[in-house]
Amino acid sequence: MSKLGVHDLSVRYGKLTALSDVSFTVAEGERLFISGPNGAGKSSLLGAISGAVRAAHGRVEMDGDILSGHSPEGIARRGLSMVPEGRRIFRALSVQENLMVGTGLRRDRAAVADDLATVYAAFPILHDRRHANAGALSGGQQQMLAISRALMTNPKLMLVDEPSLGLAPKVVDEVYDRLVALQAQRGLTLVIVEQSSARAARVGGRMLLMRGGRVVADGDAASFAAHDLLSEAYFGDPA
Amino acid sequence: MSLQILFDALSLGGIYAIAALGIALIFGVMKLVNFAHGQFIACSVFALILPSADAVAVLGLGALPAGLLIPAILLFGAGLAVLAEAFVFRPLRNASPVALMVASFALGILLQNLLLVTYGGRPKAISLWPELGQPVRLLSAEIPLLQLFVIGAVGVILAGLALMLKRTRIGLEMRAAAEDFGMARLLGVRANRVISGAFALSGALAAVVALVLVAQTGVADVRMGGQIMLVAFIATVMGGMGSLPGAVAAGLALGAVSALLQAFLPPEARPFRDAFLYGLVILVLLFRPQGLFASASAKPRV
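For chain B, an unreviewed UniProt entry supplies the name Amino acid/amide ABC transporter membrane protein 1, HAAT family and the organism Gemmobacter aquatilis. The Sequence similarities (unreviewed entry) field of the UniProt record for chain B holds the comment "Belongs to the binding-protein-dependent transport system permease family. LivHM subfamily." The annotation that UniProt attaches to chain B under Subcellular location (unreviewed entry) is "Cell membrane".

As named in an unreviewed UniProt entry, chain A is Amino acid/amide ABC transporter ATP-binding protein 2, HAAT family, taken from Gemmobacter aquatilis. Per UniProt, chain A has the following entry under Sequence similarities (unreviewed entry): "Belongs to the ABC transporter superfamily."

**Student:** It is not clear to me how the pattern of salt bridges should be interpreted in this structure. Could you clarify?
**Tutor:** If charged atoms from side chains of opposite charge come close, those side chains can pair. All names here are of chain A. Enumeration over the complete set of coordinates arrives at 24 salt bridges over all chains. In this structure, Arg 178 and Glu 174 form a salt bridge, with 3.2 Å as the shortest nitrogen-oxygen distance. Placement of both Arg 178 and Glu 174 in helix H7 (residues 169-186) is noted, with a separation of 4 residues, approximately one turn of the helix. Using a relative accessible area of 33% as the deciding quantity, one classes Glu 174 as partly exposed.

**Student:** Help me out: how do you make sense of the sheet that holds strand S3 (residues 31-35) of chain A in this one?
**Tutor:** The strands that make up a sheet pair up through hydrogen bonds in the backbone, lying either parallel or antiparallel. Residues and elements named next belong to chain A. If you walk across this open sheet you meet the 6 strands as S6-S7-S8-S3-S9-S10, and the pairing is mixed. Bordering the open sheet on either side are strand S6 (80-83) and strand S10 (214-220), each of which pairs with just one other strand. For this sheet, the mean angle separating the axes of adjacent strands, direction not counted, is 20 degrees. Where H7 meets the sheet, it contacts S3, strand S7 (157-161) and strand S8 (189-193), and its direction lies at approximately 160 degrees from that of S8.

What counts, and at which threshold
- Residues numbered from 1 in each chain as written.
- Chains lettered and ligands numbered in written order.
- Predicted model: local features only at pLDDT ≥ 70, side-chain atom pairs only at ≥ 80, totals over all residues.
- Heavy atoms only, no water.
- UniProt positions renumbered as here; feature names shortened; annotations may be inferred.
- Salt bridge = Lys/Arg side-chain N within 4 Å of Asp/Glu carboxyl O.
- Helix = DSSP H or I, 4+ residues; strand = E, 2+ residues; numbered from the N terminus.
- Buried < 20%, exposed > 50% of the residue type's maximum accessible area, 1.4 Å probe, protein only.
- Pairing = 2+ DSSP bridges.
- Axes fitted to C-alpha atoms, helices over the stretch in contact; angles between N-to-C directions.
- Contact = heavy atoms within 4.5 Å.

What follows is the structure, given as structure tokens:
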């Protein structure tokens, strides 16, 4: 059984179709990149999976459970966590409070403390600044906080929307290194929206290429980087 | 004399602050300006007495000893607000803020008319805790005992609320939801629990205001909710919509300025005290239209 199953998923905003009949599955422990130009439907896809955006039709399953129709908090409670576009950290809360917001769904108090220690070990800067207002962190630190905050819900599946957005290349590499290490450590299944196929290829994993609300290609990220499929998706069919 | 003004300012400002908090709490989590809040206060006032058209009220709930009366009326206020949320605002959860605001007006008018039908339109005399009218000598001033109780109660409520928001799970969830409700839900924070919690707190605060108003004025009047609602709403705006410290500070400031004007305006200008007060409000808002303490959450949505 696949970890995540997306079947004929469509999203419309009024008359605009953002996502049309998208289907794919993700295996347990897999790392899937979703790439494509602006307006390809990547964020709508993550929104519809997480319950933040209502799907026009189609269904989403996790471990065989149907997620579609549940509230975002209901879906989070089933083990799906989201690192949203723009990070959306709670700026007025302290770093540690940010990390604790997502632990309300857990009953395993001791494991929460362990996870906090794990997160602080992975991101020592968050530990150093745990009492500071999260709004005072740098962009890279905020991205690490957003990832850590999602991990604190103890997810089985994590969706990460454009973790590289607005960050210096060196910081992006660091964020990905940590993400990959945490995935290996915790056996997470990851779905990551990433504009740059070169970066996806460097990190490694499977990649879906989207365009105009549809999946146009599905394969190994490394093969996309070498291939001109991506530039085709961005700039249209070669003449 | 000056000590008397200080106590007037603190007790009046304290009540404004509690009323403003009731509005700011709900605005914070769901961007709803709840114009029914004044009627939550009025309903809590009338919950103290038995329905009748007489000019002198017969105490119902209000006849209980204070140790029972206070929790009972707080529960009444909280319950009323939670029911209002469940039946009026929850079905409109995804409606525009304007639709929510209009719904709150409608609810307020409905509640006011329910009171008119059951209790009649005439103001009623209520005698609640008459022993609190006793003056107490404090240094050079004579302070009504009630004022000391009000100031003490306001202090305890503000400290308790701050502690609850800072130290409890529901407090953390409310603060997170006030900043970004969608994100909080993606982290498993239950929208219904947070919103019901905010309404329950807001309703309990409305009941506190009701108790103090009745004890101070000795009157139950259907219109009293609207008057305090106006001041509380102004305090919320001045404080920066949704900022809880802002609402408290602005409420205290309004009470203090009001007490000062009452004390120092020449007698012939005193009937126009409120005109001076609101003139100052306009001045403040001209220079700080975002309020004294603009909250981060109010900005991106406007």
